[in-house]
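A look at the structure
Chain residues, written in single-letter form:
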Amino acid sequence: MPKTSTGTTTPDINANQVNDSFPKASPESQTHSDRLKHKIQSEIANKGDKITFADYMNMALYAPGLGYYSAGLKKFGKQGDFITAPEISPLFSQCLALQCIHIMEQTKQKTLLEVGAGSGVMAVELVLELERQSQLPEHYFILELSADLRDRQQQIIKTRLPHLYDRFQWLNCLPEKPFDGIIIANELLDAMPVHLIKLEQDSIYERYVSLNDEGDFIWKDDVPENPNLLKAAQKIQILQKSLSHLKDKPDASYITEVNLQAVDWIKSIADILGSGAVLLVDYGYTAQEYYHPQRSMGTLMCHYQHHRHDDPFYLPGLQDITAHIDFSSIAHAANDSGLSICGFTTQAHFLMAGGLVELTQDLNPNDVLNFTEVARQIKMLTLPEEMGELFKVILLAKGKKLSLPAFQFQNFQNRL
Ligand SMILES: C[S@@+](CC[C@H](N)C(=O)[O-])C[C@H]1O[C@@H](n2cnc3c(N)ncnc32)[C@H](O)[C@@H]1O
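Residues numbered from 1 in each chain as written. Predicted model: local features only at pLDDT ≥ 70, side-chain atom pairs only at ≥ 80, totals over all residues. Heavy atoms only, no water.

1. Points about the packing of helix H11 (residues 347-360) against helix H12 (residues 368-382)
Worth spelling out the cut-off: In this analysis, axes come from line fits to C-alpha atoms, helices being fitted only over the stretch in contact, and the angle between any two N-to-C directions falls in the range 0 to 180 degrees. The numbering of helices and of strands both runs from the N terminus, where a helix is a DSSP run of H or I of at least 4 residues and a strand a run of E of at least 2. Angle categories are assigned with fixed cut-offs, so that under 35 degrees is roughly parallel, over 145 is roughly antiparallel, 65 to 115 is roughly perpendicular, and the rest are oblique. For a crossing to be left-handed, the near helix must be turned anticlockwise from the far one by less than a right angle; the clockwise case is right-handed. Contacts: residue pairs with any heavy atoms within 4.5 Å of one another. Put simply, Ala, Val, Leu, Ile, Met, Phe, Trp, Tyr, Cys and Pro go in the nonpolar bin, Asp, Glu, Lys and Arg in the charged bin, and everything else, Gly too, in the polar bin.
The interhelical angle for the contact between H11 and H12, taken along N-to-C directions, is 160°, at an axis separation of 10 Å. One finds that H11 runs roughly antiparallel with respect to H12. Viewed along their axes, H11 and H12 form a crossing whose handedness is right-handed. Counting all contacts with H11, which are made through Gln347, Ala348, Leu351, Met352, Leu356 and Thr360, the residues of H12 involved are Val374, Ile378, Leu381 and Thr382. Here the residues of the contact of H11 with H12 sort into seven nonpolar, three polar and no charged.

And the structure:
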């Protein structure tokens, strides 16, 4: 959801199913999707008869030239499949910039690294705000997996910030350690491939992707082969049982996601970070909420031209596939690898305490068009039924603990 699909975000548990009202893929797009489908089919055949869902999702999103993020589709904004916060309003990036200034003051680091920069609009607005505040970073690094998006980022920055272009540098992988600075990412973790697990009474299965006789993708439940996945699944099963009545219902099964890549990413970040901070914004919950019994079908979600649905096998390469973030697993990975957790709050609280009020106080109510438009943007970013509550912000730090105004309204880190 997030990644608002239709302008409003609705409860995320019951997705729509693919139906005839969805816009048809053009013949060209269909051919593109078929090519990716064949590639995934071959991968399944090469691996025996199944691949993990994480491998499927990785190919569907990132197969070179064919995956959803790797190919040249529009993706973001009205003509794309979903809208993210920096695409909704520059105020989002401006608030992040104001918080970065506080981090810079406390860490004495003036380098930024944005990971997964999408269209590049957040980098533009953030750096513009830093320039307005006379706090330009020495370097703004961008690490982006998609070559197509990297091109678009370079274009937008060249066009909108020609005088600052030489401060930007694109990386192919995380920088060498020690990296001293601030690492920021919006909606990065939710775009990482997840494993699917199915819990039944005392059994744990992984949901693999296989093929039926017609060559269509089908689910195949089998034992997890990855020991880290099994360990994570066992933890979830214990938590899940403590929260549910599964033990009373022999047939009940519980499907959910495990994002091993996000946990590994946090560990890699902790490893390279010398002194500095990590500020992550994404949609998700604490483990207690994520693995609540009611969420028995997990949070996997697809976005196709502003239609949300729950079929990841639909038009591979033409739609986004995403899952919510279990922020407790992020916090534990951070803690285990030497990062301290300095704040965890909702996007609404973060923005309201983090500069939104100050940034909009000079708005002229007589300029009705602009005033109404900014009010609309603020509503989308902060209302609980829009992005305000589901989206969370977490601040991690290496070295000394940091304190930001944006976490001063509410800091829920004891719930992680
Ligand atoms: C959902 S989009 C969000 C884009 C942008 N941050 C925004 O808020 O509009 C996810 C982005 O992360 C990138 N991405 C995913 N995994 C990545 C990784 N491991 N390293 C770098 N970029 C990654 C994708 O290519 C894409 O640009």
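2. Some points on the packing of aromatic side chains
Put simply, the test is: Here a pair means two rings of Phe, Tyr or Trp (six-membered ring of Trp) with centres within 6.5 Å. Their orientation is stacked below 30 degrees between planes, edge-to-face above 60, and tilted elsewhere. Burial classes follow relative accessibility: with a 1.4 Å probe on protein chains only, a residue under 20% of its type's maximum area counts as buried, one over 50% as exposed, and anything between as partly exposed. The rule for a charge over a ring is simple: NZ of Lys or CZ of Arg within 6 Å of the ring centre, and within 35 degrees of the ring normal.
Tallied over the full model, the rule gives 20 aromatic pairs. Ring geometry for Phe53 and Tyr56: centres 5.7 Å apart, planes at 25°, overall stacked. Here the residue Phe53 and the residue Tyr56 both occupy positions in helix H2 (residues 53-62), the gap between them amounting to three residues, near one helical turn. A single burial state applies to Phe53 and to Tyr56, both of which are buried. Aromatic side chains Tyr290 and Tyr291 sit 4.7 Å apart centroid to centroid with 45° between the ring planes, which places their arrangement in the tilted category. When its relative accessible area of 4% is taken as the criterion, Tyr291 is described as buried. Among the aromatic residues, ring-to-ring pairing joins Phe53, Tyr56, Phe217, Trp219 and Phe313 into one connected group. Looking at Arg295, its charged tip hangs above the ring of Tyr285, at a distance of 4.1 Å from the centre.

3. Quick look at the site of the ligand
Our working rule: Nearness here has a simple test: a residue counts as near a molecule or strand if at least one of its heavy atoms is within 4 Å of that partner. Counted as a polar contact is a pair of N or O atoms within 3.5 Å, where, for protein atoms, one must be capable of donating a hydrogen and the other of accepting one, and residues adjacent in sequence contribute only when both atoms are in side chains. To measure how exposed things are, a 1.4 Å probe is used in the Shrake-Rupley method; for residues, cover is taken only from the protein chains shown.
Around the ligand, the surrounding shell holds 19 residues, and the nearest of these are Tyr62, Thr84, Gly116, Glu144 and Asn186. A distance of 3.3 Å is found between an oxygen atom of the ligand and a backbone nitrogen or oxygen belonging to Gly118. Note that an oxygen atom of the ligand is positioned 2.5 Å from one of the side-chain N or O atoms of Glu144. Protein coverage of the free-state accessible area of the ligand, which is 600 Å², stands at 96%.

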